[in-house]
Amino acid sequence: MRAVKFAGVAVAAVIIVIALLLVVGVPSGFLTSTIASRVESATGYRLSIDGTTKISLWPTLNVTLNDLTLQDPKDRSGITRLTVGSVQADMPLASVWSGRPTISELVITHPVLYQPLLRERLPNAGGSSKPLAFDTAGATIDRIKVNDGEVAFSRMRDRVEGRISAINADGVFDRDRKINITGTARVGDHPTKFDIKATAPAQPTDRPTIPMDFAIDMPDVLKSQLAGHAEMRLNGDIVMINGVNGTLGEGAFNGWASIDIASKPLVKLDLDFQRLAIPLAKTPEGASGQPWSDAPIDVSGLNYVDAQIRISANEAVIGDARFSPLALDAKLAGGVMKAGTANLGAYGGQVSGEVILDATSGAPSFAMHSDLVGVRALPLLQSLAEFDRIDGKLQAKLALRSTGNSQRALMANMQGTAFVNFQDGAIRGINVAQMIRSLTSGTLSGWQDSKEQSTDLSQLSASFRIDKGQAVTADLNLIGPLVRVTGAGTIALDTKMMGFRVEPKLVMTTEGQGRTSEPVGFGIPVMIQGPWSQPRIYPDMAGMLDNPDAAYAKLREMGKGLFGPDGAGLGNILGSLGGNLGLGGATAPDGGNAAGNANPQSQPSGQNNLLGGQLGEAIGHLIQQGLSSGAGAGSGTSRSRSLPATPSTPAPQASPAPPEDPPAAQQDSQPMNDVLRQLFNR
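Residues numbered from 1 in each chain as written. Predicted model: local features only at pLDDT ≥ 70, side-chain atom pairs only at ≥ 80, totals over all residues. Heavy atoms only, no water.

### Comments concerning the overall build of the protein chain
Next, step 1: When helices and strands are counted, the protein chain shows eleven helices and 33 strands.
Next, step 2: Here the protein chain, with 682 residues, has 37% of them falling under the buried criterion.
Next, step 3: Contacts spanning at least 24 positions in sequence make up 53% of the contacts within the protein chain whose residues lie at least 6 apart.
Next, step 4: Summed over all atoms, the accessible surface of the protein chain reaches about 37,500 Å², with 56% contributed by carbon and sulfur. (Helix = DSSP H or I, 4+ residues; strand = E, 2+ residues; numbered from the N terminus. Buried < 20%, exposed > 50% of the residue type's maximum accessible area, 1.4 Å probe, protein only. Contact = heavy atoms within 4.5 Å. Areas by Shrake-Rupley, 256 points an atom, 1.4 Å probe, with all protein chains shown as cover.)

The structure is reproduced here in structure tokens:
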């Protein structure tokens, strides 16, 4: 009986142990050495398993390995390696007994591939290494899942690191060698979604060719989905992608690419697009008046890849700008990128130029030169710079260079030259002639924007010499049917400030630009100072009093065109101004007091407005402002100038009235000269 009882207890114990083994699993540390040696013989890479290993038999055969590291034994630094949190393989027991194991699902959790960044290609990078040969011993895999994977790029010496993170992929393998891989990832800060369909080769070869279809969504970088077909071929360390054709949004493209991954990657790309669309971020509303950003611009990644790229397109849309055709060649080597185009069609004109970006130092530098000929200005500036003020045919030559790791630094260090010329267009939203007339009532704040207003122009040109962010011009020239403006000044690119001193002139007739007579000017410069989005605009009265001889000559010239050939109108105005300012009144050219002759009923026909319309009234106000400034200033100010007392002797009588058809050349008017002498003490 004891024997029977002992046997029953033993059977029960065995049953309990078997049950525990089926449910809990069998500790299998002794298998790790076998697995590691098998992997190294198949791939040439060393596998170490630092975590636990176990096998469970229920409900399916399950093998789990934890804390794996795969690395190249030839890499003594140990930087290039693959670490895996865990690998779990499920397979039916029947497939194990058949001798052809089938892994129904292989789950790889938190794999991290560490890849060093190289500044120089290794000397032996040109050779092809021996292709990998995998001996799976007849085993097949139905599904592979990757959870929370990463690819980490780093160079400790430069303190540079980049990552492709949050990789989650699901790969399904059919019996007819079809492979379907879908997943998501985060490339830097850009979310990415991918879908790849491929067909595995029927037999293992040294240089397998894998046809594939792909679709990539990257909303932050690509405006539309990138989809296409290609044939990928592995040739040692070179991945060749031939027969590329597909679509980017609505635009079709074709070409080829290759990637040499032996050491520092070398990318070669040649694509031809029917239509290429590249979105650009919109400038926030009101940003034109905000300071430049101090956010760092990081282009250090250009040091760790070499590239040869050619992009062509029948039509290219960059932001909202349209170019047709486009041919761009770019070369990146040793951290220096050169990109240029020789035949870029843009809005009825041509653009050519080259950009050089040097990322080898801590502060990147760039240099560019560009020529624009016959380009329609409004759509180009509106699409690239969101600037919609000027329309016309644009001709420009730019030669610029700068250094800096932020927008503000680049603008502050800008150097070079620029020439711009707009022809046969308009300044939108601004009426320059009306602005000039408005100066008589006080200082203007801003450009007096109005959607209904505009200024026609036949030419607007200026050349700039730029040094340390200061763009200086001495030949600003605006020519329009009713206005002329010349001047000089400085634009501070880093602070978005401007300071200009301009000489405005208005045409006194609408006969247009074909008139032989010169337009009439103020004789008083106009200052434009402050932020370039909202500057202060005001007449430079101090400048007028600093140089009375020039103002005297200018007003004498103005008198011929505005106040009548004998200057009587100017005398009356000055006399009235003298009385208003408490200066005793000025003697009019006819010997009477100017203020007393201000009665319009006593004036001859056609002289109801002595200054000849709105422009004359504007100039009268300006003169009054100048006199007020001069009379009210202290005696200790060098710019102050007081008017002399009314002379005791009467002024000479006015000259006889000219005949109805006066000669073309008019002589200086003596009465007007007398009045101007009173004004300027000359």
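Let's pick the thread back up.
### Structural notes on the pairing of strand β2 (residues 46-49)
Next, step 1: Residues of β2 alternate between two faces, with Leu47 and Ile49 buried on one and Arg46 and Ser48 left unburied on the opposite face.
Next, step 2: Where β2 meets strand β4 (residues 61-71), four bridges bridge the pair, whose relative direction is antiparallel. From the neighbouring strand, Ser48 faces β4, where its bridge partner is Thr69. (Pairing = 2+ DSSP bridges.)

### What to know about the packing of aromatic side chains
Next, step 1: Using the criterion set out here, one finds one aromatic pair in the structure.
Next, step 2: The ring of Tyr114 carries the charged tip of Arg81 above its face, separated from the ring centre by 4.1 Å.
Next, step 3: In this arrangement the basic side chain of Lys496 is found over the ring face of Trp292, its NZ or CZ atom lying 4.3 Å from the centre. (Phe/Tyr/Trp six-rings, centres within 6.5 Å; stacked < 30°, edge-to-face > 60°. Lys NZ or Arg CZ within 6 Å of the ring centre and 35° of its normal.)

### Some points on the side chain of Asn421
Next, step 1: Mapped onto the elements, Asn421 comes out in strand β25 (residues 415-428).
Next, step 2: Residue Asn421 is classed as buried on the basis of its relative accessible area of 9%.
Next, step 3: For Asn421, the residues in contact, after removing those within four places along its chain, are Lys393, Leu394, Gln395, Gln459, Leu460 and Ser461.

### Quick notes on the pairing of strand β32 (residues 526-531)
Next, step 1: Judged from the four bridges that link them, β32 and strand β33 (residues 536-539) form a sheet pairing that is antiparallel. Within β33, the residue paired with Val526 across the bridge is Pro539.
Next, step 2: The hairpin turn running from β32 into β33, its antiparallel successor, is four residues long.

### Digging into the side chain of Arg155
Next, step 1: Checked against the element boundaries, Arg155 lands in strand β9 (residues 143-155).
Next, step 2: The exposure class of Arg155 is buried, given its relative accessible area of 17%.
Next, step 3: What Arg155 contacts, discounting residues up to four positions off in sequence, is Leu117, Leu118, Arg119, Val160 and Tyr304.

### Digging into the confidence of the model for the protein chain
Next, step 1: For the protein chain, per-residue confidence averages 74 on the pLDDT scale, and residues scoring 70 or more make up 63% of the total.
Next, step 2: Per-residue pLDDT stays below 50 along residues 558-616; that stretch engages in 106 contacts with residues further than four places along the chain or on separate chains. (pLDDT = per-residue confidence, 0-100.)

### Quick look at unusual backbone geometry
Of all residues except glycine, most have a negative phi; of all peptide bonds, most are trans.
Next, step 1: Looking along the chain, the bond that leaves Ser324 and enters Pro325 is cis, with omega of -5 degrees.
Next, step 2: Within the element layout of this structure, Pro325 appears in the loop between β19 (321-323) and β20 (326-333).
Next, step 3: Of note in the backbone geometry, Arg177 takes a positive phi value of approximately 70 degrees without being a glycine.
Next, step 4: Checked against the element boundaries, Arg177 lands in the loop between β10 (160-173) and β11 (178-187).

### Some points on the pattern of salt bridges
Next, step 1: Counted according to the given criterion, the structure contains 13 salt bridges.
Next, step 2: Across the pair Lys197 and Asp195 runs a salt bridge, and its minimum N-O distance is 3.4 Å.
Next, step 3: For Asp195, a relative accessible area of 26% gives the class partly exposed.
Next, step 4: Between Glu315 and Arg275 there is a salt bridge, with the nearest N and O atoms lying 3.7 Å from each other. Of this pair, Glu315 sits in strand β18 (residues 306-318) while Arg275 is found in strand β17 (residues 266-278), placing the two residues 40 residues apart along the sequence.
Next, step 5: The exposure class assigned to Arg275 is partly exposed, which follows from its relative accessible area of 28%.
Next, step 6: Among the ionic contacts, a cluster of salt bridges with common partners joins Arg119, Arg155 and Asp158. (Salt bridge = Lys/Arg side-chain N within 4 Å of Asp/Glu carboxyl O.)

### Focus on the environment of Arg275
Next, step 1: Measuring from C-alpha to C-alpha, the distance between Arg275 and Pro325 comes to 9.6 Å, with 50 residues separating the pair along the chain.
Next, step 2: Apart from the residues within four sequence positions on either side, Arg275 is in contact with Gly251, Ala252, Glu315, Val317 and Arg322.

### Notes on the environment of Ala342
Next, step 1: Mapping Ala342 onto the fold places it in strand β21 (residues 336-346).
Next, step 2: A relative accessible area of 71% places Ala342 in the exposed class.
Next, step 3: The contact partners of Ala342, leaving out residues within four places of it in the chain, are Ala327, Val351 and Ser352.

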